[in-house]
Amino acid sequence: MGVCLEVCSVEGRPPTQAIRYELGQTRIVIGRGAGADVRIPDLTVSEHHATLSLEGDQWLLQDQGSTNGTFIDGESLPSGRRRRLADGARIACGAYELSFRRAVVTAPATAERTSELARRLFRESRRGRSVGAPRLVVITGRMSGHSLDVPAPPVRLIVGRDESCQLTLDDPDISREHFELVRDLDGVQARDLGSKNGLLIGERSVRERRLRDGDEVTIGSTTLLYEEPAEEPMRSLTTEADLRVPATELPTGKPYEPEPQAPGETVPMLDPPARSTQPKARRGAPSLDADLIIYVLAAVIFAVSVGGLLILMR
């Protein structure tokens, strides 16, 4: 049993395409950093923003001292506290909101898929909206300067000498259909199609390999450069400071209060409430009417006592 975290809001609007993180581990890090399991490449999200952890059969969420805080269904989660999540809960981190639900994960997300989802998410942001699609650019050979953009997944593109290919290259050492580019949820993969002279990525001959920004692909006497335009601006985000969001733009709601505990239920994730540092209020002074009654009664008793003593003396 794992979880599915689906992005339902990017800077206050829904994404143009579904972005889902399906994860099977028992600890999940949400943050801007490259090592996060749910990577949100935006300065309103801290490098290590929040953590999901499985304890028993409960999923708990904890804010990790983030700059803009973490909200659950509009309620602020104090830093360091943990709260149980119910299916359908909405988690807000900075300018992004995700929905949480338990899920059966048959194919846990790989590092490649996490990176690809982060790139797709970055392209949904204002900062990344103008970033182009991944592409192959011919850098040597007769077709130098030509390029091929790789559309959103799922897509399959053929590179070769034949005119029916999506990228046709005039090179006698290239096969009619030399290799294909396949873009799926894990990114872009180059796969040899049984070509005569093979496929080289860098200086290594391969049958297939997942492409990374800056990879050089050589077929025949032609070299192509694979570019992922989202990579460089995303890397720069890891060195920049968090961007504080004005309070008026953060999710609003009453401060988080622990849920009532059912009889016999143990809820280990809730920290004990902090002791108040305010001095206890003093009790109010006795009212004037009560004091007067006491004084009158004392005077009457004293008068009766003196009267009785005088009678005895006679």
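A brief structural summary. Keep in mind that what you see is a predicted model, and the values were worked out from it rather than measured.

1. Some details on the overall build of the protein
Inference 1: Of regular secondary structure, the protein possesses three helices and 22 strands.
Inference 2: Counting only residues that meet the buried cut, the protein has 41% of its 314 residues in that class.
Inference 3: Only carbon and sulfur atoms are counted for the fraction: they give 53% of the accessible area of the protein, which is about 17800 Å².

2. Some thoughts on unusual backbone geometry
Inference 1: Between Pro-153 and Pro-154 the backbone carries a cis peptide bond, its omega angle lying at -5°.
Inference 2: Within the secondary structure layout, Pro-154 lies in the loop between β13 (147–149) and β14 (155–160).
Inference 3: The phi dihedral of Glu-11 is positive, around 55°, even though this residue is not glycine.
Inference 4: With respect to the helices, strands and loops of the structure, Glu-11 is situated in the loop between β1 (2–10) and β2 (20–23).
Inference 5: Within the chain, Asp-73 stands out as a residue other than glycine whose phi angle is a positive 50°.
Inference 6: Inspection of the secondary structure assignment puts Asp-73 in the loop between β7 (70–72) and β8 (75–77).

3. Considerations on the side chain of Thr-223
Inference 1: Relative to the elements of secondary structure, Thr-223 occurs in strand β22 (residues 222–227).
Inference 2: Among the residues examined, Thr-223 registers a relative accessible area of 12% and is labelled buried.
Inference 3: Residues in contact with Thr-223, not counting those within four places in the same chain, are Val-137, Val-138, Ile-139, Thr-140, Glu-216, Val-217 and Thr-218.

4. Here we look at the pattern of salt bridges
Inference 1: Considering all chains together, one arrives at 26 salt bridges under this definition.
Inference 2: Measuring nitrogen to oxygen at the nearest pair gives 2.7 Å for the salt bridge that ties Arg-119 to Glu-231. Note that Arg-119 is positioned in helix α1 (residues 111–124) and Glu-231 in helix α2 (residues 231–237), a separation of 112 residues in sequence.
Inference 3: For Arg-119, a relative accessible area of 12% translates into the label buried.
Inference 4: Measuring nitrogen to oxygen at the nearest pair gives 2.3 Å for the salt bridge that ties Glu-180 to Arg-156. Of the two residues, Glu-180 sits in strand β16 (residues 179–184) while Arg-156 sits in strand β14, which places them 24 residues apart along the sequence.
Inference 5: Given a relative accessible area of 52%, Arg-156 falls into the exposed group.
Inference 6: One salt-bridge network, held together by shared partners, links Glu-116, Arg-119, Arg-123, Arg-183, Asp-213, Glu-228, Glu-231, Glu-232 and Arg-235.

5. Remarks on the pairing of β14
Inference 1: Buried residues dominate β14, accounting for five of its six residues.
Inference 2: As paired strands, β14 and β16 are joined by five bridges and run antiparallel to one another. Within β16, the residue paired with Arg-156 across the bridge is Val-182.
Inference 3: Of the pairings in the sheet, the one linking β14 to strand β15 (residues 167–168) comprises two bridges and is parallel in character. Opposite Val-159, over in β15, you have Leu-167 as the bridge partner.

6. Here's the deal with the pairing of β22
Inference 1: With five of its six residues buried, β22 lies for the most part within the structure.
Inference 2: The pairing of strand β12 (residues 135–140) with β22 spans five bridges and is antiparallel. Bridge pairing links Val-138 to Leu-224 in β22.
Inference 3: Two strands pair when backbone bridges link them, and strand β21 (residues 216–219) and β22 are joined in this way by four bridges, in the antiparallel orientation. Note that in β22 the partner of Val-217 across the bridge is Leu-224.

Parameters at a glance
- Residues numbered from 1 in each chain as written.
- Predicted model: local features only at pLDDT ≥ 70, side-chain atom pairs only at ≥ 80, totals over all residues.
- Heavy atoms only, no water.
- Helix = DSSP H or I, 4+ residues; strand = E, 2+ residues; numbered from the N terminus.
- Buried < 20%, exposed > 50% of the residue type's maximum accessible area, 1.4 Å probe, protein only.
- Areas by Shrake-Rupley, 256 points an atom, 1.4 Å probe, with all protein chains shown as cover.
- Contact = heavy atoms within 4.5 Å.
- Salt bridge = Lys/Arg side-chain N within 4 Å of Asp/Glu carboxyl O.
- Pairing = 2+ DSSP bridges.

Shape is all these values report; function is a separate question.
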